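# Architecture at a glance
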Amino acid sequence: YALEPIMITISEEMHKINFDGKWSFQKEWKKSSLYTINYDDGSVIELRTAHQDNFIYIFIDAVSDKHLDKKFDKAIVCLDSKNDKSVIANNDDYCFVITFDEKEVLVLQGGSVKSENHFENILTPAGFIGVGNSSDENDRYTSIPHLGYELRIPTDLVGRTDSYGFYFAVFDAHSNKIYTWPQEITTDNILEIPSPAMWSEIIS
């Protein structure tokens, strides 16, 4: 898909992030790149990205998901370290699955011959954080509680580069809908990860 890449900014404020899945204070994610994604049904996701030192920071503010379904609402974020658009996921492709109100995060790496989508579970890497939670009065977009997902991804895992392949999806359990980026990708199961050849890119 010929999409305009998402730009990621270098920030000196990300070490102040309180990883609780929401805007902990009103200026928490202000020093990050903002990309607003509008969907055909009127849903909106505010995507925030930043890079500081040895980490990539991503915040998916799912503004329209106002039904808080614990243990069911979830998000997946994927990065292709080499951005080589491989048809089959290889070992430079990583995905992170966060479930609302679950402490455990699923970390997946490509290159497996054991699974249909060529991803397999790996141990959570040192320094990684992934949290899903409901918003509060500090959210910049609406005072109505909704879902948010915060991630801190170590470059020791995904590599340090100025261009990554990038994909994410958010599952709204109440509506049973999955919102993806790129939007052209459709899936009935958030764990059915599309080929990295279909992902967009994120550029520093």
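What you see is a predicted model; the values in this text were computed from it and never measured.

## Points about the pairing of strand β13 (residues 177-181)
- The buried fraction of β13 amounts to four of the five residues, a majority that puts the element mostly inside the structure.
- Between strand β12 (residues 163-172) and β13, which pair antiparallel and follow one another directly, the connecting turn spans four residues, one of which, N176, has a positive phi of 60°.

## What about the nonpolar core?
- One finds I58, I60, F96, I153, V158, F166 and F168 to be the most contacted residues of the largest nonpolar core, which totals 33 residues.
- Looking at this core, the elements with two or more residues in it are β4 (44-52), β5 (55-62), β6 (74-80), β7 (93-99), β11 (147-154), α1 (155-158), β12 and β13.
- Aside from chain neighbours lying at most four places away, what touches V158 is I56, L79, S81, Y94, F96, I153 and Y164.
- In this structure, L108, F119, Y167 and I185 belong to the second largest nonpolar core, which totals 15 residues.

## Quick word on the packing of aromatic side chains
- Applying the stated criterion across every chain, the model contains ten aromatic pairs.
- Here Y39 and Y179 contribute two aromatic rings whose centre-to-centre distance is 5.1 Å and whose plane-to-plane angle is 70°, an arrangement assigned as edge-to-face. One end of the pair, Y39, is in the loop between β3 (33-38) and β4; the other, Y179, is in strand β13, with 140 residues separating them in the sequence.
- Here Y39 falls in the buried class, since its relative accessible area comes to 10%.

Rules behind the numbers
- Residue indices follow the written sequence of each chain, beginning from 1 at its first position.
- Whole-chain, interface and lining totals are the exception, using all residues; otherwise, since this is a predicted model, local features are given only for residues with pLDDT of at least 70 and side-chain atom pairs are given and counted only at 80 or more.
- Hydrogens and water molecules were not included; the side-chain quantities draw on all heavy atoms of the structure.
- Only protein chains enter the accessibility calculation, which uses a 1.4 Å probe. A residue is then buried if its area is under 20% of the maximum for its type, exposed if over 50%, and partly exposed in between.
- Helix and strand assignments come from DSSP, with helices taken as H or I runs of at least 4 residues and strands as E runs of at least 2, each series counted from the N terminus.
- Paired strands, in this sense, are two strands between which DSSP finds at least two bridges.
- In plain words, nonpolar cores are sets of buried Ala, Val, Leu, Ile, Met, Phe, Trp, Tyr and Cys residues tied together by side-chain atoms within 4.5 Å.
- Pairs of residues are marked as contacts when any of their non-hydrogen atoms sit within 4.5 Å.
- Each Phe, Tyr or Trp ring (for Trp, its six-membered ring) is paired with any other whose centre lies within 6.5 Å, and the angle between the two planes then decides the class: stacked below 30 degrees, edge-to-face above 60, tilted in between.

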